[in-house]
Structures are given as C-alpha cells and as structure tokens.
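Chains, contacts and geometry: an overview
Here are the chains, one letter per residue:
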Amino acid sequence: MGKAKSLKDKLYGAAVLKMSFRLRGDEESPAFKFVYPGVLRDLELEDDAVERYIVDNREAVERAARGTSPVPGPRT
C-alpha cells in the first residue's frame, strides 16, 4: 500500500486537474462535471479549498497543468 497523501498533495492534484480544464475553457464540459466532483469526494476536499490553493499557488499549478516543466510540488 502506498504512502498516504498529505493535504497539500491532495490540493495540488485537484488544483492541477481543475486548472487543466480551466485553461482549455472546459469547466462546463460533461467530462469535468463528471470527473472533478469524484476527485473531490475521493480526496475528501471541498472546491473552496482547491480554489484557495489555486490562488495561493497559481504559477506552479498552471505550469503543471500545461505540462511545460517538471512539477516543483506544493509550496508551504
């Protein structure tokens, strides 16, 4: 069994997923509306917390969502 993810890791993953859809203008797509709520439920996160994480870490989240550089990981 793998190591349990920290809250920051969970927020980072959900934020990158959400940003990847946002950058394509697909937040209203059926795919996003199906996948994202399931991710929130599985990771036991609230969308408000993911949005705050995006605001606080926008550069790293956008970079990861674009796949333009190695993921530096969440900031503390």
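In the block above lies the structure referred to throughout.
In short, a report on the structure.

1. What to know about the overall build of the chain
When you go through the chain residue by residue, the secondary structure sums to four helices and zero strands. In the chain, the succession of α and β elements from N to C terminus is α-α-α-α. Taken across its 76 residues, the chain has 30% of its residues classed as buried. Taking contacts inside the chain between residues at least 6 apart in sequence as the whole, the part at least 24 apart equals 62%. Within the structure as shown, the chain displays about 5,200 Å² of accessible surface, and the carbon and sulfur contribution to it stands at 54%.

2. Observations regarding the nonpolar core
In terms of nonpolar packing, the biggest core is built from 16 residues, with Ala15, Leu45, Val50, Tyr53, Ile54 and Val61 touching the most fellow members. Of all the secondary structure elements, the ones that give two or more residues to this core are helix H1 (7-23), helix H2 (30-43), helix H3 (47-56) and helix H4 (58-66). With seven residues, H1 is the single largest residue contributor to this core. Setting aside residues up to four positions removed in sequence, Ala15 forms contacts with Val50, Tyr53, Ile54 and Val61.

3. Let's talk about the pattern of salt bridges
The full count for this structure, using the stated rule, is nine salt bridges. The closest approach of N and O atoms between Arg22 and Glu51, which form a salt bridge, is 2.6 Å. You can see Arg22 sitting in helix H1 and its partner Glu51 sitting in helix H3, a full 29 residues away along the chain. Judged by its relative accessible area of 22%, Glu51 falls in the partly exposed class.

4. Considerations on unusual backbone geometry
Of note in the backbone geometry, Glu44 takes a positive phi value of approximately 55° without being a glycine. Following the sequence through the fold, Glu44 ends up in the loop between H2 and H3. In this structure Glu44 comes out as exposed when scored by relative accessible area, which is 69%.

Criteria and cut-off values
- Residues numbered from 1 in each chain as written.
- Predicted model: local features only at pLDDT ≥ 70, side-chain atom pairs only at ≥ 80, totals over all residues.
- Heavy atoms only, no water.
- Helix = DSSP H or I, 4+ residues; strand = E, 2+ residues; numbered from the N terminus.
- Buried < 20%, exposed > 50% of the residue type's maximum accessible area, 1.4 Å probe, protein only.
- Contact = heavy atoms within 4.5 Å.
- Areas by Shrake-Rupley, 256 points an atom, 1.4 Å probe, with all protein chains shown as cover.
- Core = buried A, V, L, I, M, F, W, Y, C linked by side-chain atoms within 4.5 Å.
- Salt bridge = Lys/Arg side-chain N within 4 Å of Asp/Glu carboxyl O.

Distances and angles like these do not, on their own, reveal function.
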